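Structure at a glance
Listed below are the residues making up each chain.
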Amino acid sequence: MDFYQNVLGFVPIRRPGSFDFNGAWLFGHGIGIHLLQSENPENLPKKKEINPKDNHISFQCESMGAVEKKLKDMEIEYVRAMVEEGGIYVEQLFFHDPDGFMIEICNCDNLPVIPLAGEMPRSCSRVNLQVLQQRQQIHQVVQQ
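As the structure is a computational prediction, the values presented were derived from the model and not from experiment.

1. Re the overall build of the protein chain
Regarding its fold elements, the protein chain presents 3 helices and 7 strands. Along the protein chain, from the amino end to the carboxyl end, the secondary structure elements read α-β-β-β-β-α-β-β-β-α. Counting all 144 residues of the protein chain, 24% fall into the buried class. Put simply, 41% of the contacts in the protein chain that link residues at least 6 apart link residues at least 24 apart.

2. Describing the side chain of E104
Here E104 lies in strand β7 (residues 102–106). R80 is the oppositely charged side chain nearest to the buried, salt-bridge-free E104, at an N-O distance of 12 Å. A distance of 2.9 Å separates polar atoms of two side chains, one belonging to E104 and the other to Q92. Other than its neighbours up to four places away in sequence, E104 contacts H56, I57, S58, F59, Q92, L93 and F94.

3. Considering the state of the cysteines
As enumerated under the stated definition, the model contains 1 disulfide in all. Here C106 connects covalently by a disulfide to C108, the sulfurs 1.9 Å from one another. Given an S-S torsion of about -125 degrees, the disulfide between C106 and C108 has left-handed geometry. Residue class for C106 comes out buried when judged on its relative accessible area of 0%.

Scoring rules and cut-offs
- Residues numbered from 1 in each chain as written.
- Predicted model: local features only at pLDDT ≥ 70, side-chain atom pairs only at ≥ 80, totals over all residues.
- Heavy atoms only, no water.
- Helix = DSSP H or I, 4+ residues; strand = E, 2+ residues; numbered from the N terminus.
- Buried < 20%, exposed > 50% of the residue type's maximum accessible area, 1.4 Å probe, protein only.
- Contact = heavy atoms within 4.5 Å.
- Lys, Arg positive; Asp, Glu negative; His and termini not counted.
- Salt bridge = Lys/Arg side-chain N within 4 Å of Asp/Glu carboxyl O.
- Polar contact = N/O pair within 3.5 Å; in protein donor to acceptor, adjacent residues only side chain to side chain.
- Disulfide = S-S within 2.5 Å.

In short, shape yes, function no, at least from these values alone.
Right, here's the structure in full:
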């Protein structure tokens, strides 16, 4: 929990009291993360090498410099990368959480969000979902 709070800025939220197992729910940046403790945490494989092409989850940030400073201050090993798409450059930082899961932080918001044909971005937020549905309706009217 400490990692996701202090490095990624998530805040703990209440989880259902009916759960009879350890875990934590965190929320931030419009998404929720559910952390569960393995019954045998000592048996989980630990990743040592940071490979940007390995399985990972990515989060966007507003300041790559601030994230990199935080990683340095917390002595978290990371790898920098950059990708170019049509003259737009995206910076990336890759590192592992304490359980060995790979995380990418990027300024991917530099790239335009272009839905695949027939797809619309979705959100769990009802307010955001209503806005997206209105946009989709306008888009359909414009296409007709």
